[in-house]
Amino acid sequence: MKFLNAGESHGKCLTAIIEGFPSNVEIDVQKINKELSRRQVGYGRGKRMEIEKDKIEVTSGIRFGKTLGSPIAFTIKNKDWENWKIPMSSENIYHDESINITQPRPGHADLSGIIKYRQNDIRNILERASARETASRTAVGAFCKQFLGNFKIEIHSRVVNIGGIKDVDIAEKGTNFWDKIEESDLRVYDKDKEEEIKKIIDEAKKDGDTLGGVVEISISNLPVGLGSHTFYDRKLDGLLAQQFMAMQAVKGVEIGDGFKSADTKGSKVHDEIYYDNKYYRRTNHAGGIEGGMTNGEEIIIKAAIKPIPTLMKPLNTVDIETKEKKEASKERSDVCAVPAAGVVLENIAAWVVADEFIRKFSGDSIEEINENFSNYLSYVEKL
Ligand code: EPS
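Notes on the structure follow.

Quick notes on the rules
- Residues numbered from 1 in each chain as written.
- Predicted model: local features only at pLDDT ≥ 70, side-chain atom pairs only at ≥ 80, totals over all residues.
- Heavy atoms only, no water.
- Helix = DSSP H or I, 4+ residues; strand = E, 2+ residues; numbered from the N terminus.
- Contact = heavy atoms within 4.5 Å.
- Pairing = 2+ DSSP bridges.
- Axes fitted to C-alpha atoms, helices over the stretch in contact; angles between N-to-C directions.
- Buried < 20%, exposed > 50% of the residue type's maximum accessible area, 1.4 Å probe, protein only.
- Arc of directions from axis to C-beta.
- Near = heavy atom within 4 Å.
- Polar contact = N/O pair within 3.5 Å; in protein donor to acceptor, adjacent residues only side chain to side chain.
- Areas by Shrake-Rupley, 256 points an atom, 1.4 Å probe, with all protein chains shown as cover.
- Nonpolar A, V, L, I, M, F, W, Y, C, P; charged D, E, K, R; others polar.
- Phe/Tyr/Trp six-rings, centres within 6.5 Å; stacked < 30°, edge-to-face > 60°.
- Lys NZ or Arg CZ within 6 Å of the ring centre and 35° of its normal.
- Core = buried A, V, L, I, M, F, W, Y, C linked by side-chain atoms within 4.5 Å.

Quick word on the side chain of Glu-331
Relative to the helices and strands, Glu-331 is located in the loop between strand E17 (325–327) and helix H11 (338–360). Filtering out sequence-adjacent residues up to four positions away, Glu-331 remains in contact with His-10, Ile-101, Arg-105, Arg-123, Leu-126, Thr-310 and Met-312.

What follows is the structure, encoded as structure tokens:
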């Protein structure tokens, strides 16, 4: 499969086209909209999320609730467009240069973007660099989540820490665990930790500062053998890492024990193999991937999210016109968007996994994919 997306943060809408999605997949648009609203919530978000109520409008590829195998196209309206029609006009109307943004924010795409694209208004960079774009990637992934649901594959996310305050670690995560995460507006398990984190978010807001954190994505019920050891661009961990790193603000990706395993002996890192009617492991330090392939265990992948670079108490920068020392520009922004980042990454993971699933069990329709999947499962069961 492939997809393209387009859209500026304060443009008219976000647009996406998915090509190669199989036919006859039942799609409930409400479920896609639910993913979009999950992305919008979370303690520490800014005013924009009060304006938007993200919903997709499907314009092709689906008829009577089922995919046709043709390109799926959709848009998500930016309600805020009403306030930006003039400054974001695509027509060649009068442009008031005094509204140009000229003070690049450290940590943002601003400075490199204007140099690379030969711009003199930072808005021409920040509009597309904005995490608003993740609404369309979330919706693309939400189609894939529904596809994967047919094969009982589940994807969840949780916040591991924000600003250094860590949620409790629970090894066995049942349904109840994920229900509790969904109830928390910080996507953490422990209520006391939630309160502590809310306090530091409030403090950061008061100080004009921002906070980052770590999110963990869990993908369960995967068959063994998605991805491949045979070639660099077919390794599933590599594919996930690339797509995760391509999300705004992600500065690190870790699969399974990741960086910790570099400090630990091999005998403590590798997951011993057992057999009881089927192969299984008692530990999952590998995070479900060995040799670039799923090994049948839960995929566990973490992402480090840096604090948002728009600070209400700005850092020093240089004005691109005068070259004078200035404070960085301020845009309306969030204090902390870590819980939302987890939701986006769930859906990004859904895209990567669905694409690999279709590659392995290939077919034009979901029925054909299901036949290939069932054949493979009966082969694996006989081992
Ligand atoms: C976002 C929309 C943006 C920001 C945020 C995420 O809207 P606005 O710029 O109008 O406030 O709230 O984006 C950023 C933090 C960023 O750096 O661009 C969204 O839809 O998620």
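Structural notes on the sheet that holds strand E1 (residues 2–6)
On the basis of which strands lie adjacent, the open sheet formed by 4 strands has the order E1-E2-E6-E3 and antiparallel pairing. Each of the sheet's edge strands pairs with one partner strand only, and the pair in question is E1 and strand E3 (56–60). Across the sheet, the mean angle from the axis of one strand to that of its neighbour is 20°, orientation sign disregarded. Across 6 bridges, the pairing between strand E2 (residues 13–19) and strand E6 (residues 72–77) is antiparallel.

Remarks on helix H8 (residues 236–245)
For H8, the full list of buried residues reads Leu-236, Leu-240 and Phe-244. Seen from one end, H8 has its buried residues packed into an arc of 65°, which puts them on one side. Those residues of H8 hidden inside the fold are in contact with strand E9 (213–220), strand E10 (250–255), strand E13 (289–290), strand E14 (293–294), strand E15 (299–305) and H11.

Concerning the site of the ligand
Residues in contact with the ligand amount to 13 residues; listed here are only the nearest, His-10, Arg-39, Arg-45, Arg-48 and Arg-332. Separating an oxygen atom of the ligand from a side-chain N or O atom of Arg-39 is a distance of 2.7 Å. Ala-131 is positioned with one of its backbone polar atoms (N or O) 3.4 Å from an oxygen atom of the ligand. Contact with the protein chains hides 92% of the accessible area of the ligand, taken as 460 Å² for the molecule alone. Of the residues assigned to the shell around the ligand, the class counts are 3 nonpolar, 4 polar and 6 charged.

Section: the packing of aromatic side chains
One pass over the full model with this rule turns up 18 aromatic pairs. The interplanar angle of 75° and the centroid separation of 6.2 Å between the aromatic rings of Phe-21 and Phe-143 together place this pair among those described as edge-to-face. Of this pair, Phe-21 sits in the loop between E2 and helix H1 (29–40) while Phe-143 sits in helix H5 (residues 134–149); the two residues are 122 residues apart in sequence, bridging distant segments of the chain. Residue classification places Phe-21 among the buried positions, given a relative accessible area of 2%. Take Phe-143: its relative accessible area is 0%, and that puts it in the buried class. Geometrically, the ring pair formed by Tyr-376 and Tyr-379 is tilted, given 5.9 Å between the ring centres and 45° between the ring planes. Of this pair, Tyr-376 and Tyr-379 both sit in helix H12 (residues 366–381), 3 residues apart, which is roughly one turn of the helix. Lying over the aromatic face of Phe-177, Lys-173 brings its terminal NZ or CZ to 6.0 Å of the ring centre.

Regarding the sheet that holds E10
In space, the 5 strands of this open sheet follow the order E8-E7-E9-E15-E10, with antiparallel pairing throughout. The sheet is open, and its two borders are formed by strand E8 (165–166) and E10, each paired with just one other strand. Where strand E7 (residues 154–162) and E8 come together, 2 bridges link them in antiparallel fashion. Along E8, the bridge assignment pairs Ile-162 with Ile-165. Helix H6 (residues 175–183) rests against E7 and E9 of the sheet, and its axis sits at about 60° to E7.

Topic: the nonpolar core
Grouped together as the largest cluster of nonpolar side chains are 69 residues, with contacts concentrated most on Phe-147, Phe-244, Leu-345 and Phe-357. The leading source of residues in this core is H11, at 13 residues. Not counting chain neighbours up to four residues away, the residues in contact with Leu-345 comprise Val-215, Ile-217, Phe-244, Met-247, Val-250, Ala-303 and Ile-305. Judged by nonpolar contacts, the second largest core, of 6 residues, contains Ile-101, Ile-122, Ile-125 and Leu-126.

Concerning the pairing of E9
Burial of E9 is extensive: 8 of the 8 residues sit out of reach of the surface. Side chains of E9 alternate between two faces, with Gly-213, Val-215, Ile-217 and Ile-219 and Val-214, Glu-216, Ser-218 and Ser-220 buried alike. Note: E7 against E9, 8 bridges, orientation antiparallel. Looking across to E9, one finds that Val-159 is bridged to Val-215. Summarising the sheet, E9 and E15 pair through 7 bridges and their orientation is antiparallel.

Examining the environment of Gly-65
As for its position among the elements, Gly-65 is in the loop between strand E4 (62–63) and strand E5 (66–67). Measuring from C-alpha to C-alpha, the distance between Gly-65 and Asn-24 comes to 8.8 Å, with 41 residues separating the pair along the chain. Contact partners of Gly-65, with chain neighbours within four places excluded, come to Val-25, Glu-26 and Ile-27.

Observations regarding unusual backbone geometry
Despite not being glycine, Ala-249 shows a phi value in the positive range, around 80°. Looking at the secondary structure, you find Ala-249 in the loop between H8 and E10. Judged by relative accessible area, which is 24%, Ala-249 ranks as partly exposed. One non-glycine residue, Lys-323, adopts positive backbone phi at about 65°. Relative to the elements of secondary structure, Lys-323 occurs in the loop between strand E16 (316–318) and E17.

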